[in-house]
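# Fold and contact review
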Amino acid sequence: MFRILPQISPTSTYSMSDPEQLPEPVQVNDAKRQKVELPPGMSKNAWKKLQKQKRWDEQKDEYRQKRREKKKIARVNKKLRSEAEKNDENYHLQAKREKPQSQIPSGVSVIMDCEFDELMSDKEIVSLSNQITRCYSAKRHSTHEVDLVISTFNKRLKARFEKSLPDYKLWQNLTIKENDTLEELLPKDAEELSKFVYLTADTEEEIDTLQEGYTYIMGGIVDKNRHKQLCLNKAKKLGLKVARLPIGKYIQMNSRHVLATSHVYEIMCMCFELNHDWEKAFNSVLPPRKLRAGIEEPKEKSDGGSTESVEPEDKKGEDSSASDAEGENGESESEPKTSETN
Ligand SMILES: C[S@@+](CC[C@H](N)C(=O)[O-])C[C@H]1O[C@@H](n2cnc3c(N)ncnc32)[C@H](O)[C@@H]1O
């Protein structure tokens, strides 16, 4: 029930008690461009909100039922996948590794550039924090020392660690730069700068070997590739070389070649451990369900593709990654959205 109020303009002089003087209902176009009568006194926005609420009330049971079914299917699939992965030897290469007594210097450094706080949702920040934890674990278990620096470790990312993993301050062999941005960490000398390479899937330039004396930069962002060419453009602005991992050369994937940051770091560690055998390194890190054996790869769409990026699975007991926690469209079930435009 709503009270019908007349629309009063500053020049109106009619009396509220005289129904004869009430203004005519206003005609508006609804979303389907049909003319509908707007109750007098009700704004177009309020009317649209009300219609949306009505639609939601009518459809919510069906929506919830569908969501329950989808979750059930996802649970079954997850179980099947994890059983398949249990039997995959390559994938367990890295999981089975013991922490080495000492590490062989790799001569390579990695920077995770976390200057993208504003571009992520809270769930994506949680996922990124889980990825940093995975990188730290990979670093400690690697036979080779692959130096890792986390730059611009502040805002919600830092808050997440303070709240859920306060022990991170005791982590050794990982350099956390709270206030230094990537730009501030780069050398001013052009020759030195030429040994810094920003890794991105958005280039045709491909890495052959990880070169001693080089620093490889990874974008510390979880975005399901919403922000196309974000890191490529940042690298160009900073005058950095760019390169992608040689995925297509060695393996075939079910989805686009955009990997999660932690997978990229883990692959680099495994590459040293496996005598620069990229194929083995990819197979030991990427879950088998993401790989395709012997099937010809379809051409990627020129707009950057529409398939999902590959997120690492979160460990048991940790928060789920953004891709797991969100619905297919990243929406959550709640009231209908009211961000209508007029
Ligand atoms: C989830 S991706 C970020 C995607 C983001 N839209 C972008 O512009 O890069 C996280 C990071 O992992 C690294 N990465 C992902 N896939 C890669 C690939 N195929 N080759 C090289 N680096 C890759 C990049 O450094 C990238 O910034």
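Residues numbered from 1 in each chain as written. Predicted model: local features only at pLDDT ≥ 70, side-chain atom pairs only at ≥ 80, totals over all residues. Heavy atoms only, no water.

Going by the annotation in an unreviewed UniProt entry, the name recorded for the protein is tRNA (guanine(9)-N1)-methyltransferase, with Australozyma saopauloensis given as the source organism. Regarding the protein, the relevant UniProt record gives this comment under Catalytic activity (unreviewed entry): "guanosine(9) in tRNA + S-adenosyl-L-methionine = N(1)-methylguanosine(9) in tRNA + S-adenosyl-L-homocysteine + H(+)". (UniProt positions renumbered as here; feature names shortened; annotations may be inferred.)

All right, on to the sheet that holds strand S6 (residues 196–199) then. Read across the open sheet, the six strands follow the order S5-S4-S3-S7-S6-S8; overall the sheet is parallel. Unpaired on one side and paired on the other, strand S5 (175–177) and strand S8 (241–243) mark the two borders of the sheet. Within the sheet, the average angular offset between the axes of one strand and its neighbour, ignoring direction, is 25°. When strand S3 (residues 104–113) meets strand S4 (residues 144–151), the two strands line up parallel, connected through seven bridges. By the bridge assignment for S4, Val110 is matched with Leu148. Across the sheet, helix H3 (residues 122–141) lies against S3 and S4, angled at about 155° from S4, the strand it touches most. (Pairing = 2+ DSSP bridges. Helix = DSSP H or I, 4+ residues; strand = E, 2+ residues; numbered from the N terminus. Axes fitted to C-alpha atoms, helices over the stretch in contact; angles between N-to-C directions. Contact = heavy atoms within 4.5 Å.)

Once that is clear, we can look at the pattern of salt bridges. With the rule as written, the count across this model stands at 15 salt bridges. A salt bridge links Asp113 to Lys234; the shortest N-O distance between them is 2.9 Å. Within this pair, whereas Asp113 is found in strand S3, its partner Lys234 is found in helix H7 (residues 230–237), the two being separated by 121 residues in sequence. Classification of Asp113 as buried rests on a relative accessible area of 0%. Arg244 serves as the salt-bridge partner of Glu206, at 2.9 Å between the closest nitrogen and oxygen. One end of the pair, Glu206, is in the loop between S6 and strand S7 (215–219); the other, Arg244, is in the loop between S8 and helix H8 (247–250), and 38 residues separate them in sequence. Arg244 sits in the partly exposed class, given a relative accessible area of 24%. (Salt bridge = Lys/Arg side-chain N within 4 Å of Asp/Glu carboxyl O. Buried < 20%, exposed > 50% of the residue type's maximum accessible area, 1.4 Å probe, protein only.)

Throughout the structure, instances matching the rule amount to eight aromatic pairs. Seen in terms of ring centroids, Trp278 and Phe282 are 5.7 Å apart; in terms of plane orientation they differ by 25°. Their pairing is stacked. One end of the pair is Trp278 and the other is Phe282, both in helix H10 (residues 278–285) and four residues apart, which spans about a single turn. Judged by relative accessible area, which is 2%, Trp278 ranks as buried. Phe282 sits in the buried class, given a relative accessible area of 0%. Ring pairing ties together the aromatic residues Tyr136, Phe153, Phe161, Tyr168 and Trp171, which thus form one cluster. (Phe/Tyr/Trp six-rings, centres within 6.5 Å; stacked < 30°, edge-to-face > 60°.)

The environment of the ligand is made up of 20 residues, and the closest members are Leu199, Asp223, Asn225, His227 and His257. The contact in question runs from an oxygen atom of the ligand to an N or O atom on the backbone of Gly219, over 3.0 Å. Take Asp223: an N or O atom from its side chain is 2.8 Å from a nitrogen atom of the ligand. For the ligand, the protein covers 98% of the area, taking 550 Å² as the surface of the free molecule. Looking at the shell around the ligand, the elements with two or more residues in it are S7, H7 and helix H9 (261–273). (Near = heavy atom within 4 Å. Polar contact = N/O pair within 3.5 Å; in protein donor to acceptor, adjacent residues only side chain to side chain. Areas by Shrake-Rupley, 256 points an atom, 1.4 Å probe, with all protein chains shown as cover.)

In the UniProt entry, the feature "binding site: S-adenosyl-L-methionine" (unreviewed entry) is given for Leu199, Gly219, Cys231 and Leu245. Spatial clustering of the annotated residues is evident: they stretch over 47 residues in sequence, but the largest pairwise C-alpha distance comes to 14.4 Å. Topologically, Cys231 is positioned in helix H7. Beyond its immediate chain neighbours, meaning those up to four positions away, Cys231 contacts Phe116, Tyr198 and Gly219. Take Leu245: it is sitting in the loop between S8 and H8.

A few words on the pairing of S6. Every other side chain in a regular strand lies on the same face of the sheet, so the side chains alternate between the two faces. In S6, alternate side chains face the same way, and those of Phe196 and Tyr198 on one face and Val197 and Leu199 on the other are all buried. Where S6 lies against S8, three bridges are found, and the strand directions are parallel. Residue Val197 lies in a different strand from S8, and its bridge partner there is Lys241.

This part covers the confidence of the model for the protein. For the protein, per-residue confidence averages 79 on the pLDDT scale, and residues scoring 70 or more make up 70% of the total. The low-confidence segment residues 294–310 (pLDDT under 50) makes 33 contacts with residues lying over four places distant or belonging to another chain. Below pLDDT 50 for its whole length, residues 314–342 participates in 47 contacts with residues either more than four positions away or in separate chains. Interface confidence for the predicted complex, expressed as ipTM, amounts to 0.99; the pTM equals 0.68. (pLDDT = per-residue confidence, 0-100.)

Below, the discussion takes up the side chain of Glu124. In this fold, Glu124 is placed in helix H3. Engagement of the side chain of Glu124 in a polar contact is seen with the side chain of Arg226, the distance being 2.8 Å.

The next point concerns the environment of Ile111. With respect to the secondary-structure elements, Ile111 resides in strand S3. We classify Ile111 as buried; its relative accessible area is 6%. With near-sequence residues (within four places) excluded, Ile111 lies in contact with Val149, Ser151, Leu182, Phe196, Thr215, Tyr216, Ile217 and Met218.

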